[in-house]
Amino acid sequence: MITQLKAKMVRFTQNEEGASAIEYGLIAGLIGALIIVAVTGIGTSVQTFFTTICTSLGGCA
């Protein structure tokens, strides 16, 4: 009984199946964060650009 439990514990500690799922989750989270940062930065630049055009044209609808 104890040897079976010991064998199961050894197999459990050497099992790496879940590690790849965690790594993929971390990668997806980092990519999502980078997309949010990029879109926020680009959004501010685009808003400034269109505001400048609108002002140059004498107002917007």
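Before any of the text, the structure's been laid out above.
This one's a predicted model, so the numbers in the text were calculated from it and none came from an experiment.

**Regarding the overall build of the chain**
Helices and strands together make up the secondary structure of the chain, namely two helices and zero strands. For 61 residues, the compact-globule formula gives about 10 Å, and the C-alpha radius of gyration of the chain, at 27 Å, lies well above that figure. Considering the chain as a whole, with its 61 residues, one finds that 2% of them fall into the buried category. For the chain, the accessible area works out to roughly 5700 Å², and carbon and sulfur atoms hold 71% of it.

**As for the environment of threonine 48**
The residue threonine 48 is located in helix H2 (residues 17-56) in this model. Overall, threonine 48 belongs to the partly exposed group, its relative accessible area being 47%. Threonine 48 sits 22 residues away from leucine 26 along the chain, and the two C-alpha atoms are 34 Å apart.

**Some words on a nonpolar patch on the surface**
There is a patch of nonpolar side chains on the surface, built from Ile42, Val46, Phe49, Phe50, Ile53 and Leu57 and spanning about 620 Å² of accessible area. You can see phenylalanine 50 is positioned in helix H2.

**Some thoughts on helix H1 (residues 2-14)**
Every α-helix winds through 3.6 residues per turn, so residues three or four apart in the chain are directed the same way. In this model H1 runs 18 Å from its N-terminal to its C-terminal C-alpha over 13 residues, within 8% of the 18 Å that 1.5 Å per residue would give. Burial within H1 is sparse, with just zero of its 13 residues counted as buried.

**Overview of the environment of glycine 59**
Counting through the fold element by element, glycine 59 comes out in the segment after H2. In the structure, glycine 59 is positioned 36 residues away from glutamate 23 in sequence and 50 Å away in space, judged by C-alpha atoms.

Conventions and cut-offs
Residues numbered from 1 in each chain as written. Predicted model: local features only at pLDDT ≥ 70, side-chain atom pairs only at ≥ 80, totals over all residues. Heavy atoms only, no water. Helix = DSSP H or I, 4+ residues; strand = E, 2+ residues; numbered from the N terminus. Rg over C-alpha atoms; globule rule 2.2 N^0.38 Å. Buried < 20%, exposed > 50% of the residue type's maximum accessible area, 1.4 Å probe, protein only. Areas by Shrake-Rupley, 256 points an atom, 1.4 Å probe, with all protein chains shown as cover. Patch = residues over 30% accessible without salt bridge, like charges linked within 9 Å, V, L, I, M, F, W, Y side chains within 5 Å. Salt bridge = Lys/Arg side-chain N within 4 Å of Asp/Glu carboxyl O. Expected span 1.5 Å × (residues − 1).

Limitation: the analysis is restricted to geometry and does not speak to function.
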